[in-house]
Amino acid sequence: MSTLQDHADAVLSLLRADAALTVYDGMVTGTADHYVIVYTFRQLPGGDAAPDKTPLTGDTTTVDMRFYCHCVGVDGVAARAVQARVQAALLDATPAVTGRACFPIRWVEGTQVLRDEETLSPVFDAVDVYGLTSVPG
Amino acid sequence: MAAGKPSVTFDDHELVALTKDIERAARIMPAEAAKVVTKAAVNIKNDARRRVSGLAHAPAYPYAIGFDDVQVTTTYAKTAVGPDKDKRQGALGNILEYGTRKNPPVPHLGPAAEAEEPRFARAMDELAAKVLPQ
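Each value, and the rule that gives it
- Residues numbered from 1 in each chain as written.
- Chains lettered and ligands numbered in written order.
- Predicted model: local features only at pLDDT ≥ 70, side-chain atom pairs only at ≥ 80, totals over all residues.
- Heavy atoms only, no water.
- Axes fitted to C-alpha atoms, helices over the stretch in contact; angles between N-to-C directions.
- Helix = DSSP H or I, 4+ residues; strand = E, 2+ residues; numbered from the N terminus.
- Parallel < 35°, antiparallel > 145°, perpendicular 65-115°, else oblique.
- Left-handed = near helix turned anticlockwise from the far one by under 90°.
- Nonpolar A, V, L, I, M, F, W, Y, C, P; charged D, E, K, R; others polar.
- Salt bridge = Lys/Arg side-chain N within 4 Å of Asp/Glu carboxyl O.
- Buried < 20%, exposed > 50% of the residue type's maximum accessible area, 1.4 Å probe, protein only.
- Expected span 1.5 Å × (residues − 1).
- Arc of directions from axis to C-beta.
- Contact = heavy atoms within 4.5 Å.
- Polar contact = N/O pair within 3.5 Å; in protein donor to acceptor, adjacent residues only side chain to side chain.
- pLDDT = per-residue confidence, 0-100.
- Pairing = 2+ DSSP bridges.
- Buried area = accessible area lost by both parts, 1.4 Å probe.
- Core = buried A, V, L, I, M, F, W, Y, C linked by side-chain atoms within 4.5 Å.

Asker: Before we go on, may I ask you to explain the packing of helix α1 (residues 13-51) of chain B against helix α4 (residues 109-131) of chain B in this structure?
Answerer: Two numbers describe a pair of packed helices, the interaxial angle and the distance between the axes. All names here are of chain B. Their axes nearest at 9 Å, the elements α1 and α4 cross at an angle of 160 degrees. Here α1 lies roughly antiparallel to α4, going by the angle between them. α1 and α4 meet at a crossing whose hand is right-handed. Residues of the contact of α1 with α4, tallied by class, amount to 20 nonpolar, 1 polar and 8 charged.

Asker: How should the pattern of salt bridges be read in this particular structure?
Answerer: Between side chains of opposite charge, a pair can form as their charged atoms come close. Evaluation of the coordinates by the stated rule reveals 12 salt bridges over all chains. Note that A:Asp18 is salt-bridged to A:Arg85, the shortest N-O span being 2.7 Å. With A:Asp18 in the loop between α1 (3-16) and β1 (23-25) and A:Arg85 in helix α2 (residues 76-90), this pair connects stretches of sequence that are 67 residues apart. A:Asp18 gets classed as buried once you look at its relative accessible area, which sits at 17%. A salt bridge links B:Glu32 to B:Lys35; the shortest N-O distance between them is 3.1 Å.

Asker: What am I meant to see in α2(A) here?
Answerer: Owing to its 3.6 residues per turn, the α-helix brings residues three or four apart onto one side. Residues and elements named next belong to chain A. The terminal C-alpha atoms of α2 lie 21 Å apart, and with 15 residues this matches the ideal 21 Å at 1.5 Å per residue to within 8%. Those residues of α2 that sit buried are Gly76, Ala78, Ala79, Val82, Gln83, Val86, Ala89 and Leu90. End-on, the buried residues of α2 take up no more than an arc of 165 degrees, which puts them together on one face. Exposed residues pointing more than 90 degrees away from the buried face of α2 are listed as Val77 and Ala88. Buried residues belonging to α2 abut α1, β2 (35-43), β3 (63-73) and β7 (124-136). N-capping of α2 is provided by Asp75, with a side-chain oxygen placed 3.3 Å from the backbone N of Val77. Trailing α2 by a residue or two, Asp92 shows a phi angle of about 70 degrees, which is positive.

Asker: Please explain the confidence of the model for chain A as it appears in this structure.
Answerer: If pLDDT is low for a region, its predicted coordinates should not be looked at in detail. On average, chain A scores 93 in pLDDT, and the residues at 70 or more come to 97%. Across chain A, the secondary-structure element scoring lowest on mean pLDDT is strand β6 (residues 114-115) of chain A, at 90, and the one scoring highest is β1(A), at 98.

Asker: How should I be thinking about the pairing of β3(A) in this particular structure?
Answerer: Residues and elements named next belong to chain A. The buried count for β3 comes to 11 of 11 residues, which makes it a mostly enclosed element. What you see with β3 is no split at all: Val63, Met65, Phe67, Cys69, Cys71 and Gly73 on one side and Asp64, Arg66, Tyr68, His70 and Val72 on the other are buried throughout. Bridging between β2 and β3 involves 9 bridges; their strand directions are antiparallel. The residue bridging Val36 from the neighbouring strand is Cys71, located in β3. Where β3 meets β7, 11 bridges bridge the pair, whose relative direction is antiparallel. Counterpart to Arg66 in the pairing with β7 is Gly131.

Asker: Before we go on, may I ask you to explain the interface of chain B and chain A in this structure?
Answerer: By convention, interface size is frequently given as the accessible area that disappears when the constituent parts associate. With 16 residues of chain B in contact, the opposing surface of chain A contributes 26 residues. Interface area lost by chain B to chain A is led by B:Tyr98, B:Arg101 and B:Glu114, which between them contribute 46%. Put simply, chain B and chain A have 3 salt bridges between them. The residue A:Asp116 makes a salt bridge to B:Arg101 at a minimum N-O spacing of 2.5 Å. Put simply, chain B and chain A have 8 residue pairs in polar contact (both at pLDDT 80 or more) between them. Of all the elements in the fold, those that place two or more residues in the side of chain B that touches chain A are α3 (93-98) and α4 of chain B. Among the residues making up the side of chain B that touches chain A, the classes are represented as 7 nonpolar, 4 polar and 5 charged.

Asker: Please explain the nonpolar core as it appears in this structure.
Answerer: Within soluble globular proteins, side chains that are nonpolar generally end up buried alongside one another. All names here are of chain A. Core analysis: the biggest nonpolar cluster contains 22 residues, and Leu15, Val36, Val38, Cys69, Val86 and Leu90 have the highest contact counts within it. Of all the secondary-structure elements, those providing two or more residues to this core are α1, β2, β3, α2 and β7. Here Leu15 is in contact with Leu21, Val23, Val38, Val86, Ala89 and Leu90, once residues within four sequence places are set aside. Grouped together as the second largest cluster of nonpolar side chains are 11 residues, Ile37, Phe41, Val72 and Val123 included.

Here it is, written out as structure tokens:
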């Protein structure tokens, strides 16, 4: 299994540990009216971007994953409730990934609760982006 | 001074020279910092455009990404890089950067800024060394 998948699994497991939270990985596959859908984005920073985490050999060993969490509900209250559950599950948590030393998950950026701009339907979405960085360990 | 009283003499020529160096740096720095900020903005704009190019449904969006004129004062030089909502597909910025519940994101502005950060920090360090003699 790839390191990328391991990182994704570790974070998704943290979210799925909350039985009251419906979690989708990259695609909505159910009919829940409030849920979090998670998209992942990976960066591999080298010595320029992560000098304190790069070995003297210059090899790229740092994994920097971003988790775009769309917290969805039928109104602002529901979207914020999902957002709070996601925050409780992820913020400052340190997941376990085999063969890696993980730093605590940090909040990177986010958006306010917005009505769905694509369909203008009564669905509200707030995005929080969380970052997970790891090095070999 | 009364005869017999002790006296103290201060040699302040190094302090005076330092003052002149700082005054000179303060005069030069705003314009030079603006150049560094402009270069960083160009790099972020180009990188962001590259990262978000080739989307079938947003072919014009990359060309909407630009940056504001650099504002310079004695204490800062700043600009903002991002899509111009008045340009074609410029309003798609938020949707592309963060995605939606139905479409995955295409992170481009954030990663481009992060990629530029170490180069920008290095350029500012070099500028400080240039305008303030060691």
